Amino acid sequence: MRITIERSNLLKSLNHVHRVVERRNTIPILSNILLRADGQNLDMKATDLDLEVTEATPANVEQAGATTVPAHLLYDIVRKLSDGSEVLLATSTDGGSMTVQSGRSKFSLQCLPESDFPDLTAGTFSHTFKLKATDLKMLIDRTQFAISTEETRYYLNGIFFHTIESKGDLKLRAVATDGHRLARADVDAPSGSEGMPGIIIPRKTVGELQKLVDVPDAMVTVEVSDAKIRLSIGSIVMTSKLIDGTFPDYQRVIPTNNDKEMRVDCTTFAQAVDRVSTISSERGRAVKLALSDGQLLLTVNNPDSGSATEEVAVGYDTDSMEIGFNAKYLLDITAQLSGDEAIFLLADAGSPTLIRDTAGDDALYVLMPMRV
């Protein structure tokens, strides 16, 4: 194999692909990235056996061929090469090493045979549809923070995507929860998604996908089966296994008759919570909200270091009440709200609270209270 390629193109593709490769691997080939030169393109592929990303990038191919080289090493080398330079990639005659050459710099990397590289066989997909990258990004951004990190409840370690009828329209819905908070976001269901199976996309796939959909005006082709999902954005194709489990019935935890409404300026509220929670301990980050007519008093007590209070003007005209929340969870949710105001729908100190945005999108959040 012998090719010449622009550093910027090589770096951009490597940046998308190399992140899939785990830093520590017991199987040596999984530390490598597959390079295949053919026609006018260099195809790259990386996998961790659960997630696979491939990307094609234009290159001047003098001699077609394929090899695998250490992913993070190649990325670090290309990153440090001078901007605007051309890079020559050439394998030795025995295929045991690959030369990376640019300007006066020359590197030789150990190769492993391309035939050893695993292939994440996709099988057949039952549903295919197209989705705007901005819509997919919104669904992920609004829900990703609520994904559970508890390995024991593995079925919560991802975002649950499914189609559902809502107010007479079919929606594509994303839901994530960790048992303490729940996030839900909807977009109009694209044609082709009707009747798709409910799927749980793993946390790592969600993280990689979030970086790839940061492209305005792009369309994402989504292919879904019971066990896999494939997403194509331009020349990038991502295939991932899905979490094999049943997502709990999240509708049951969304309160429907919370009648106490509080409206508060989002930025003011978030800054006030952030300020008072400075004094809270790392373990118990509880902040108490005391609501009375038109006023909210935030209080944090930490027996080791002291206390803090702050008053915030709010729109509230029902009975006085007190409720406690985890400050970090409150800040996570307010960070997702795009409107000027947040709407809190409360019941009592022991019941889940519903939080909505005034920006008009369909996102909603549920937060469990804490004892304070």
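This is a predicted model, so every value here is computed, not measured.

Reading the values: the criteria
Residues numbered from 1 in each chain as written. Predicted model: local features only at pLDDT ≥ 70, side-chain atom pairs only at ≥ 80, totals over all residues. Heavy atoms only, no water. Helix = DSSP H or I, 4+ residues; strand = E, 2+ residues; numbered from the N terminus. Buried < 20%, exposed > 50% of the residue type's maximum accessible area, 1.4 Å probe, protein only. Contact = heavy atoms within 4.5 Å. Pairing = 2+ DSSP bridges. Axes fitted to C-alpha atoms, helices over the stretch in contact; angles between N-to-C directions. Salt bridge = Lys/Arg side-chain N within 4 Å of Asp/Glu carboxyl O. UniProt positions renumbered as here; feature names shortened; annotations may be inferred. Domains from an automatic or database assignment. Buried area = accessible area lost by both parts, 1.4 Å probe.

Digging into the environment of serine 193
Then, number 1: Mapped onto the elements, serine 193 comes out in the loop between strand S13 (181-188) and strand S14 (199-202).
Then, number 2: On the basis of relative accessibility, which here comes to 0%, the residue serine 193 falls in the buried class.
Then, number 3: Distance from serine 193 to serine 115, taken between C-alpha atoms, is 36 Å for residues 78 residues apart in sequence.
Then, number 4: In this structure, serine 193 is in contact with His127, Phe129 and Thr163, ignoring residues within four places of it in sequence.

Some points on unusual backbone geometry
Then, number 1: Of note, the phi angle at leucine 49 is positive, near 80 degrees, even though the residue is not glycine.
Then, number 2: As for its placement among the helices and strands, leucine 49 is situated in the loop between strand S3 (41-47) and strand S4 (51-58).
Then, number 3: For leucine 49, a relative accessible area of 36% puts it in the partly exposed group.
Then, number 4: With phi around 65 degrees, aspartate 217 is a residue other than glycine that occupies positive phi space.
Then, number 5: In this structure, aspartate 217 sits in the loop between helix H4 (203-212) and strand S15 (219-224).

Observations regarding the sheet that holds strand S24 (residues 353-357)
Then, number 1: Pairing is antiparallel in the open sheet, where 8 strands are placed in the order S14-S11-S12-S13-S25-S24-S23-S18. Each having just a single partner strand, S14 and strand S18 (260-265) make up the two edges of the open sheet. The average undirected angle you get between the axes of adjacent strands in this sheet is 25 degrees.
Then, number 2: Inspection of the sheet shows strand S12 (residues 169-177) paired to S13 by 7 bridges, in the antiparallel sense. Bridging across to S13, valine 175 finds its partner in arginine 184.
Then, number 3: In the packing of H4 onto the sheet, contacts are made with strand S11 (158-166) and S14, and the angle to S14 comes to roughly 75 degrees.

Some points on the pattern of salt bridges
Then, number 1: Tallying each qualifying case throughout the model produces 24 salt bridges.
Then, number 2: One salt bridge connects arginine 19 with glutamate 208, and the closest N-O pair in it is separated by 2.9 Å. On the criterion of sequence distance, the pair formed by arginine 19 in the loop between helix H1 (7-18) and strand S2 (32-38) and glutamate 208 in helix H4 is long-range, its members being 189 residues apart.
Then, number 3: Under the relative-accessibility criterion, glutamate 208 is labelled buried at 7%.
Then, number 4: Between aspartate 76 and arginine 79 there is a salt bridge, with the nearest N and O atoms lying 3.3 Å from each other. Of this pair, aspartate 76 and arginine 79 both sit in helix H2 (residues 71-80), 3 residues apart, roughly one helical turn.

With respect to the UniProt feature "domain: DNA polymerase III beta sliding clamp central" (unreviewed entry) in the protein
Then, number 1: Taking the UniProt record as the reference, the feature "domain: DNA polymerase III beta sliding clamp central" (unreviewed entry) is found at residues 131-249.
Then, number 2: Between the first and last C-alpha atoms of residues 131-249 the distance is 26 Å; the span itself is 18% helix and 42% strand.

Focus: the sheet that holds S4
Then, number 1: Strand order in the open sheet made by the 8 strands is S6-S2-S3-S4-S17-S16-S15-S10, with antiparallel pairing throughout. The sheet terminates laterally at strand S6 (65-70) and strand S10 (127-132), the two strands that pair on one side only. Within the sheet, the average angular offset between the axes of one strand and its neighbour, ignoring direction, is 15 degrees.
Then, number 2: Bridge count between S10 and S15: 6 bridges; the pairing is antiparallel. In the strand pairing of S15, lysine 132 is matched with methionine 219.

As for the domain arrangement of the protein
Then, number 1: Considered domain by domain, the protein is made up of domain 1 (2-116), domain 2 (127-252) and domain 3 (256-367).
Then, number 2: Its C-alpha centre places domain 2 at a distance of 28 Å from the equivalent point of domain 3.
Then, number 3: Contacts between the two partners involve 12 residues from domain 2 and, on the opposite side, 12 residues from domain 3.
Then, number 4: Between domain 2 and domain 3, roughly 1,200 Å² of surface is buried when both sides are summed, and carbon and sulfur atoms account for 49% of that area.

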